[in-house]
Amino acid sequence: MRILHISAECYPIAKVGGLADVVGALPKYLNESGQEASVIMPFYNVRFTQQHKFETVYEDAFFVGQDNFEFRILKLKGKSVDFDLFLVDVPELLFKEYVYSFDDSQRFTAFQIAALKWIQTHTHKPDVIHCHDHHTGLVPFMMQYCYRFENLKSIPTVLTIHNAQYQGWFSHDRVDMIPDFDKKHIGLLDWGDSINPLAAAIKCAWRVNTVSPSYMEELKQNANGLESLLSHEAAKCSGILNGIDTKVWNTETDSFIKKQYTVSSNVSGKKANKKWLCDNYGLDINKPLFVFIGRLVHEKGSDLFPAVFNAVLQENDISILLLGSGNKETEQELIALKDKHNGHFNAFIGYDEELSHIIYAGGDFLLMPSRVEPCGLNQMYSLNYGTIPIVRSIGGLKDTIVDVEDGGFGFTHKDTSIEDMKKAIERAAAFYENPTEFRKTRKRIMKIDHSWDNSAQQYINLYNSLKNK
């Protein structure tokens, strides 16, 4: 089966969030299962595109409203990724040093039109076109209703919602960016008196899924205005939990970490990585090490970190290490904490891929107090590396982490609040003082299988269900 993924992000080409990790891994595992999966995405001016070579496989031009653009479809040369990678090159719009900007409506509409024009030329067209988030949300509508793309109407489309908070809204006075269609179908584009690409995709895609079962249920109650639509379309909606790429996130082969280790050698392996972290960030290796890796944004609960960390560190003899960036006020408050709790707290403001791997390997507990978490990958990386997650029980975190008090292997809390987060950290600190149970839990979590194998099979089942429609 030929599956074409269309996405704004794909690891390792361009990554902003978890979307990139999914689109960079799922096609690889689909191919290993005997499918023919490929990816098409924008051609950005980023390190990957600067360092790799491409061949032009198609050239054309098109209008977005009144503006005419020439474009090329490029194909990656070589085998640096495990699937065929195609990129849409529209120099004026897409070849930028960034993935997202303040107003991306024209950029991503152009990307989708160019991709569909190229697909039209295929002798062997895809059996399924798999769209990811609002940046590709107009594809199912255009395939069904734009005159230009009538010959694509019979190809099934799947939409995966990675984050429903962002929907790609733009005003009706810009509807002419979309190729001509019978205006009686305008209602399929509209939601809340705006053109809403994510809503249009939910209405027009043949199947819709989220990246965890719990997130799909939660969206029916809280989806930034799409609650009633998702409830109405429930019959074609489902949740498939993401996997992680265990070829990349593997303690036995990870070239980033200071000492590789297996389940049986995790004590010495994790100790070596923890020692490196403590030596380099002024922390005590004998104290439990709590870590956070991620964006410092409201939905991750990180705005509460300064208050939580200050309260916890005043009353508990622990260490905390943070890697992340985002809200500038939060960044400054965390920097100030470094002096106040010197020897117990440190932070790397920014992002460093190598350091993130070492932190997963050297940490004792991972903090994920998210207000919104469609799936979450960090908790799965953490499990693989023997670092016990402390999570708010929501979305994919609810689907993957069971509290130790319920016979599980992590620590959960109900709300993203200072009190709940502090209590969860203190429960974990007390658990650390029982070395037998602590080490037994570490071994247990490293044996949990969150690879893409099972998730990929669920997607194959989803694709196969479309054959009978």
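Below, the structure is looked at part by part. Nothing here was measured: the structure is a model prediction, and the numbers come from that model.

Considerations on the packing of helix α8 (residues 266–281) against helix α11 (residues 353–362)
Packed helix pairs are characterised by how far apart their axes lie and by the angle those axes make with each other.
1) Next: Packing of α8 against α11 leaves a shortest axis separation of 7 Å and a crossing angle of 120°. Classified by the interaxial angle, the pair formed by α8 and α11 is oblique. Remark: the crossing between α8 and α11 carries left-handed chirality. Contacts between α8 and α11 involve Lys270, Asn273, Lys274, Trp276, Leu277 and Tyr281 on the former and, on the latter, Leu355, Ile358, Ile359, Tyr360, Ala361 and Gly362.
2) Next: When grouped by side-chain class, the residues that make up the contact of α8 with α11 number eight nonpolar, two polar and two charged.

Brief notes about the pairing of strand β5 (residues 84–89)
1) Next: With five of six residues buried, β5 is to be regarded as a mostly interior element.
2) Next: Strand direction decides the pairing type here: strand β4 (residues 67–76) and β5, joined by four bridges, are antiparallel. Paired with Ile73 across the two strands is Val88, which belongs to β5.

Here we look at the sheet that holds strand β8 (residues 207–210)
1) Next: Strand order in the open sheet formed by nine strands is β3-β4-β5-β2-β1-β6-β7-β8-β9, with mixed pairing between adjacent strands. Looking at strand neighbours, the two that pair on one side only are β3 (54–64) and β9 (237–239), the edges of this open sheet. Adjacent strand axes in the sheet meet at a mean angle of 20° when their direction is disregarded.
2) Next: The pairing of strand β1 (residues 2–6) with strand β6 (residues 128–132) spans four bridges and is classified as parallel. Paired with Ile6 across the strands is Cys131, a residue of β6.
3) Next: Packing of helix α1 (residues 18–32) onto the sheet brings it into contact with β1, β2 (36–42) and β6, and relative to β2 it is tilted by some 155°.

With respect to empty space enclosed by the protein
1) Next: Here the structure, examined in full by the defined rule, presents one cavity of 30 Å³ or more.
2) Next: Each pocket or cavity is described by its volume, and for the largest cavity that value is around 60 Å³.
3) Next: Taken together, Phe305, Val308, Leu367, Met368, Pro369, Ile390, His413, Met421, Ala424 and Ile425 make up the full set of residues lining the largest cavity.
4) Next: Of all the secondary structure elements, the ones that give two or more residues to the lining of the largest cavity are α9 (305–315), β13 (365–368) and α14 (418–432).
5) Next: Per element, the largest residue contribution to the lining of the largest cavity is three residues, and it comes from α14.
6) Next: Across the lining of the largest cavity, the residue classes break down as nine nonpolar, one polar and no charged.

Notes on the pairing of β2
1) Next: Across the seven residues of β2, six count as buried, placing the element largely inside the fold.
2) Next: Two elements, β1 and β2, share five bridges in a ladder whose sense is parallel. Considered in β2, the bridge of Leu4 is made with Ser38.
3) Next: The handedness of the β1 to β2 crossover, carried by α1, is right-handed.
4) Next: The pairing of β2 with β5 spans five bridges and is classified as parallel. When the bridges of β5 are listed, Met41 appears paired with Leu87.

How each quantity is defined
Residues numbered from 1 in each chain as written. Predicted model: local features only at pLDDT ≥ 70, side-chain atom pairs only at ≥ 80, totals over all residues. Heavy atoms only, no water. Axes fitted to C-alpha atoms, helices over the stretch in contact; angles between N-to-C directions. Helix = DSSP H or I, 4+ residues; strand = E, 2+ residues; numbered from the N terminus. Parallel < 35°, antiparallel > 145°, perpendicular 65-115°, else oblique. Left-handed = near helix turned anticlockwise from the far one by under 90°. Contact = heavy atoms within 4.5 Å. Nonpolar A, V, L, I, M, F, W, Y, C, P; charged D, E, K, R; others polar. Buried < 20%, exposed > 50% of the residue type's maximum accessible area, 1.4 Å probe, protein only. Pairing = 2+ DSSP bridges. 1 Å grid on protein atoms, 1.4 Å probe; cavity = no way out; pocket = protein on both sides within 12 Å on 5 of 7 lines; lining within 4 Å. Points joined across faces, edges and corners; volume = space filled by probe spheres on them. Right-handed = clockwise from strand over helix to strand, strands pointing away.

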